[in-house]
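Spelled out from the first residue to the last, the chains are:
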Amino acid sequence: FFLLSIMSNLDVLNLNGVYAVNPKSESLEEVMKLQGMGWATRKLGAKVANTMILTIEHTPEKMVQTYSAAVKTKVVQVDLTANEKEVVDPDLNAKVIMTVTFEDDGKKMVIKTVCPKKFERVVTWERVDDNNVHSVINYALLDGSKQQVKVNRYYTKHQA
């Protein structure tokens, strides 16, 4: 039943495609700052993040996001069946708990990642129209500081 539910959600929310970052996207610099990255790394990373190409491929079991930029390619795999599943975040080299849910009749995918006592990251994906997708990154520290940031990212179908 769970797999059937995911399949029907992915029929509603088909994110497959190749996208360019839309200029109205907000900077990722504040997220990187909360992650503890230094000033120079944040400046370069934020600049590169706005010039990359995003390729999304998904099946009922997983979503693969490939972020390609002139200096680096990063591949992120998300287990779409994850429900409080422990995985290792390769960027942070830390164990995290991941849960993937679908909301709004399958029109939104929510990927919640928690690193206990460190951070909570909730990324929501939705299709705006045939050519555009939108993601919202909510990142909060769990160290008692109450620091948090919300970043809107927009992607438009890439014309090669």
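The rules behind the values
Counting restarts for each chain, with residues numbered from 1 along the sequence as it is written. Reporting of local features is limited, given that this is a predicted model, to residues whose pLDDT is at least 70; pairs of side-chain atoms are given and counted only at 80 or more, and all residues count toward the totals for whole chains, interfaces and linings. Each side-chain value is derived from all of the structure's non-hydrogen atoms; neither hydrogens nor water enter the calculation. Following DSSP output, two strands are said to pair if at least two bridges run between them. Numbering of helices and strands runs from the N terminus; a helix is a DSSP stretch of H or I covering at least four residues, while a strand is a stretch of E covering at least two. To define axes, lines are fitted to C-alpha atoms, for helices over the stretch in contact only, and angles between the resulting N-to-C directions are given on a 0 to 180 degree scale. In what follows, a contact means two residues having at least one pair of non-hydrogen atoms within 4.5 Å. Polar contacts here mean pairs of N or O atoms no more than 3.5 Å apart (in protein, one a potential hydrogen donor and the other a potential acceptor; neighbouring residues in sequence count only if both atoms are side-chain atoms). Any carboxyl oxygen of Asp or Glu within 4 Å of a side-chain nitrogen of Lys or Arg constitutes a salt bridge here. When a residue's accessible area, from a 1.4 Å probe over protein chains only, is under 20% of the maximum for its type it is buried; when over 50% it is exposed; and in between it is partly exposed. Two rings from Phe, Tyr or Trp (for Trp, the six-membered ring) form a pair when their centres sit within 6.5 Å of each other. Planes less than 30 degrees apart are called stacked, planes more than 60 degrees apart edge-to-face, and all others tilted. Whether a charge lies above a ring is judged from NZ of Lys or CZ of Arg, which has to be within 6 Å of the ring centre and within 35 degrees of the ring normal. Put simply, buried Ala, Val, Leu, Ile, Met, Phe, Trp, Tyr and Cys residues joined by side-chain atoms within 4.5 Å make one nonpolar core. Throughout, the protein atoms alone are placed on a 1 Å grid, and a set of points is a cavity if a 1.4 Å probe fits but cannot get out or a pocket if it is open with protein on both sides within 12 Å along at least five of seven lines; lining residues have an atom within 4 Å of a point. Grid points are joined across faces, edges and corners, and a volume is the space filled by probe spheres set on the points. Put simply, Ala, Val, Leu, Ile, Met, Phe, Trp, Tyr, Cys and Pro go in the nonpolar bin, Asp, Glu, Lys and Arg in the charged bin, and everything else, Gly too, in the polar bin.

Chemist: Explain the sheet that holds strand 9 (residues 132-141) to me, please; I cannot follow it from the model alone.
Modeler: Pairing between the strands of a sheet comes from backbone hydrogen bonds, and it takes one of two forms, parallel or antiparallel. Here we have 10 strands laid out as an open sheet, ordered 4-3-2-1-10-9-8-7-6-5, and antiparallel in their pairing. A single partner strand is all that each edge strand has here, and the edge strands are strand 4 (73-79) and strand 5 (85-89). If you compare each strand with its neighbour and ignore which way they point, the axes differ by 25 degrees on average. Inspection of the sheet shows strand 1 (residues 17-21) paired to strand 10 (residues 148-157) by three bridges, in the antiparallel sense.

Chemist: In this structure, what is going on with the environment of D89? I would like to understand it.
Modeler: Considering the arrangement of structural elements, one finds D89 in strand 5. The contacts of D89, once residues within four sequence positions are left out, are A94, V96 and R121. Among the polar contacts made by the side chain of D89, one reaches the side chain of R121 at a distance of 3.1 Å.

Chemist: Can you walk me through the pattern of salt bridges in this structure?
Modeler: Pairing between side chains becomes possible if they bear opposite charge and their charged atoms approach one another. In total, this model carries six salt bridges according to the counting rule given. Residue K85 pairs with D79 through a salt bridge whose shortest N-O separation is 2.6 Å. Using a relative accessible area of 36% as the deciding quantity, one classes K85 as partly exposed. The residue K112 makes a salt bridge to E120 at a minimum N-O spacing of 3.7 Å. Note on K112: relative accessible area 37%, which makes it partly exposed. One salt-bridge network, in which partners are shared between bridges, spans E29, R42 and K43.

Chemist: Got a minute to help me understand the packing of aromatic side chains in this structure?
Modeler: Each aromatic ring pair is specified by the distance between its two centres and by the angle formed by the two planes. Tallying each qualifying case throughout the model produces two aromatic pairs. Ring geometry for F119 and Y139: centres 5.2 Å apart, planes at 15 degrees, overall stacked. Here the residue F119 occupies a position in strand 8 (residues 119-129), and Y139 occupies one in strand 9, the gap between them amounting to 20 residues. Look at W125 and Y155: their rings are 5.9 Å apart centre to centre, the planes differ by 25 degrees, and that puts the pair in the stacked class. Taken together, the residues W125 in strand 8 and Y155 in strand 10 connect sequence positions 30 residues apart. Y155 matches W125 in its accessibility class, with the two residues each being buried. Of note, K24 hangs over the ring of Y154, and the distance from its end group to the ring centre comes to 4.5 Å.

Chemist: What is the right way to look at the nonpolar core in this model?
Modeler: One recurring pattern in soluble globular proteins: nonpolar side chains tend to sit buried together. By size, the foremost hydrophobic cluster in this structure holds 37 residues, and its most contacted members are L15, M63, V100, M109, I111, W125 and Y155. By residue number, the principal contributor to this core is strand 6 (residues 94-103), which donates five residues. If sequence neighbours within four positions are ignored, Y155 has contacts with Y19, A20, V21, N22, L54, Y67, W125, N131, N132, V133 and S135.

Chemist: I keep staring at the layout of surface pockets and nothing clicks. Help me out?
Modeler: Over the atoms, a rolling probe the size of a water molecule traces out where space has been left empty. Counted as a void, the largest pocket has a volume near 1300 Å³. In terms of lining residues, the largest pocket is bounded by 41 residues, among which Q35, Y67, K74, V76 and D91 are the most central. At seven residues, strand 4 tops the list of elements feeding residues into the lining of the largest pocket. The residue makeup of the lining of the largest pocket, split by class, is 25 nonpolar, nine polar and seven charged.

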